[in-house]
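Descriptive structure summary
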Amino acid sequence: MSTDNIKSYEFKAEVQQLLHILAHSLYTDREIFLRELISNASDALNRIQFEMLTNDNVLDSDTELGIWLEVDDEANTLTIRDTGVGMTRDELILNLGTIAKSGAADFLKRLQTEKEKGDDIIGQFGVGFYSVFMAAKEVEVITRSYQPDAESVRWVSTGTNTYTLETVDKTDRGTTIIVKFNDESKEFAADYRIENIIKKHSDFVTYPIYFKDKAINQQKAIWRKSSSEIEDEEYNNFYKQLTLDFEQPIDRLHLHADAPVQVNALLFVPNKRESNLFSLRKEPGLKIYSRNILIEEYSTNLLPNHFRFIHGVVDSEDFSLSVSREAVQNSRVNDKLKNLLTKRVTRMLDELGKEKPEDYAKFWKEFGVFIKEGVSTDVSTRDGLVKLLRFHSSTTEAEALVSLQEYVDNMSEKQEDIYYITADSIPAANNSPHMDYFKKHDMQVLYMVDAMDPFMLTSLHEFSGHALKNVDSVEIDLTEEEKAEEAEAKAKLPDDKFAEVITRFKSVLEGRVENVGEAKYLKDSPVRLVASEEAAQGKEMDRIRRILDQDYEVPKRIIEINRGHPIIQNMPELITTNLVLANTVIEQLFDNALLSEGLHPNPAEMIPRMYELIEAATKQM
Ligand code: ADP
Ligand code: MG
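These numbers were taken from a predicted model, which means no experiment stands behind them. (Residues numbered from 1 in each chain as written. Chains lettered and ligands numbered in written order. Predicted model: local features only at pLDDT ≥ 70, side-chain atom pairs only at ≥ 80, totals over all residues. Heavy atoms only, no water.)

Things to note about the pattern of salt bridges
Note that side chains of opposite charge can pair when their charged atoms are close. The final tally for this structure, using the stated rule, is 31 salt bridges. Notably, a salt bridge pairs E297 with K287, separated by 3.4 Å at the nearest N-O pair. Pair noted here: E297 is in strand β13 (residues 293–299) and K287 is in strand β12 (residues 286–290), with a separation of ten residues, a long-range link. Its relative accessible area of 16% is what places K287 among the buried residues. Members of the salt-bridge network, linked through shared partners, are R30, E31, E187, R193 and K200. (Salt bridge = Lys/Arg side-chain N within 4 Å of Asp/Glu carboxyl O. Helix = DSSP H or I, 4+ residues; strand = E, 2+ residues; numbered from the N terminus. Buried < 20%, exposed > 50% of the residue type's maximum accessible area, 1.4 Å probe, protein only.)

What about the sheet that holds strand β17 (residues 446–448)?
Strand order in this open sheet of five strands is β15-β17-β16-β19-β18, and the pairing throughout is mixed. Edge positions in the sheet fall to β15 (392–393) and β18 (462–463), since each has one partner strand and no second. Relative to strand β19 (residues 466–470), β18 runs antiparallel, the two being bridged by two bridges. Bridging from a neighbouring strand, F463 pairs with H466 of β19. (Pairing = 2+ DSSP bridges.)

Here's the deal with the pairing of strand β14 (residues 311–315)
Burial of β14 is extensive: five of the five residues sit out of reach of the surface. Burial along β14 is two-sided: the residues H311, V313 and D315 and G312 and V314 are all buried. One ladder, built from five bridges, connects strand β11 (residues 263–269) with β14; its direction is antiparallel. The residue bridging N264 from the neighbouring strand is D315, located in β14. As paired strands, β12 and β14 are joined by three bridges and run parallel to one another. Within β14, the position partnered with I288 by the bridge is V314.

Section: the domain arrangement of the protein
Its domain assignment divides the protein into domain 1 (7–215), domain 2 (222–359), domain 3 (391–473) and domain 4 (480–619). Taking the mean C-alpha position of each, domain 2 and domain 3 sit 34 Å from one another. (Domains from an automatic or database assignment.)

Side note on a nonpolar patch on the surface
Together, I607, M610, Y611 and I614 give the surface a local cluster of nonpolar side chains, amounting to about 400 Å² of exposed area. By the secondary structure assignment, I607 is in helix α21 (residues 607–620). Residue classification places I607 among the partly exposed residues on the basis of a relative accessible area of 40%. (Patch = residues over 30% accessible without salt bridge, like charges linked within 9 Å, V, L, I, M, F, W, Y side chains within 5 Å. Areas by Shrake-Rupley, 256 points an atom, 1.4 Å probe, with all protein chains shown as cover.)

So, the layout of surface pockets
What the second largest pocket holds in volume is close to 580 Å³. If you go around the second largest pocket, you meet 22 residues; those closest to its centre are K414, Q415, Y419, Y437 and M443. Every element with two or more residues in the lining of the second largest pocket is listed here: α12 (404–410) and α14 (435–440). For the lining of the second largest pocket, the class distribution of residues is eight nonpolar, seven polar and seven charged. (1 Å grid on protein atoms, 1.4 Å probe; cavity = no way out; pocket = protein on both sides within 12 Å on 5 of 7 lines; lining within 4 Å. Points joined across faces, edges and corners; volume = space filled by probe spheres on them. Nonpolar A, V, L, I, M, F, W, Y, C, P; charged D, E, K, R; others polar.)

Looking at the sheet that holds β14
Spatially, β10-β11-β14-β12-β13 is the arrangement adopted by the five strands of the open sheet, whose pairing is mixed. The two strands at the open ends of the sheet, each matched to only one other strand, are β10 (251–257) and β13. Along the sheet, successive strands turn relative to each other by an average axial angle of 10°, direction set aside. (Axes fitted to C-alpha atoms, helices over the stretch in contact; angles between N-to-C directions.)

Right under this line is the structure:
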């Protein structure tokens, strides 16, 4: 071979950096390099298949689409050949000389920002082609593009800072990669090893992977098989190879339909929300095939946005292949599919909730927030989503979750509305003065304690004919016994004295509360805040504003005073003997009430006043 056409090039700086990390890596799972090379070959085959839908002028248009492997255990090499799109000289320089778009860029970014060790996260990112240098001392790429007049090129590198390019004579379309293993990686130049790795990482590649003259992968698309042919383990393996998640999915949906659209789909609910960050699926979206051809890698058009945590494959023959990807997205087929998939995913989750509450609880913990987001943003699917909601509540055990339907089923006959309380946490909800009456009567109250809940409540007003009511604005019916208790409390604090207390509250809190009134039923709390009828509308918004910190001003409420509470009953005397202290007490009661409503802008500000009060209390002793 003549050497005069060999030219040497430098890798881009970030590639040099990556190669350095890989060459010195102690990462033990080096076999993933093969997964990366096979996945590139499979991508290249997908692309040529897609190209051929609209382009007649493709080199070797009749050649079989496949991947061929060959091991030479004497030379310590592995050869991987595909009949995919191939690369032109310029594409080679871009794709294997820079970090064009691979997971490698994310990997480097993560290394810089998180100060993590490369070895810990290489596997999570799928650093792409360059990972071959964990196992190779030299790599050769010989490639010819599908474009009939492109020249064929040979790329060689030892994984240091440079590579060479030369024009060669490869007559057929596609790419051949020859990996010369380094001393630590000779184990890979063995037949059984290669077969194992393919089974483990690349079994579901949709093109045949030939090794020793036979295809060693499954090939038949799992989503086209009948579900009775498939064991759980095979589903889980497919899921793992699709996403690179380590854990198995929480649930799956395997769907075959002929009407209203033809479709085979296999969708999964992952185990964790976070794992997607490092997953092979770098973005949300489903893989779309038509007649075995990959049309889109990440389609976000087939499920509503709030189901973006779902991974999987959708294969429909009804997509017309002669049109562009954009047109696919806007077609009526798309609408029908989206409808169908949305309904079936919703139903799958509904059934999971009914049949496997423990799994559902796991799902809810990870993805409940997406469902709530859907309820607040997507009117068209709300009815189905509302059934998926779960809440903690005042009458269930701490971890237990209750659905709106269960709540309604448990309601006593005279209860018409669904009660909820908004608070910052479950303990805060538990201790809220608004709960006094409901606890006493053993009435169930749903706890809305997520940041997302106030958003959701702005668009969730009723369920199955029952209004959702915040306990701070529920009209309370007292029993005869409670009325007697109240009368007794009033007797201890006659009207004229109580009026003095009210007047004092009014003057201290002037401008900060809308009004001061008498609480109808409070047991353990001296005061509580309620929203006036008009303000009730904006109440959830107040909490949202506080969460988002948008020009937050403490909203004005009505403060209700518990005439039966000892603190209130002591007030008339305190007002006459120590007005300053009385005012301080009122300030503190107001702050406590704000705090328990989740409305206090800065609780730490209360501390100096609390010392004053403690000082006064200790003086009395
Ligand atoms: P990624 O696959 O995430 O894009 P890689 O580092 O694995 O990143 O590959 C970089 C690029 O090199 C690919 O995007 C592709 O354009 C090109 N490439 C790699 N292998 C092949 C191949 N066998 N055939 C054609 N192009 C390839
Ligand atoms: Mg790749």
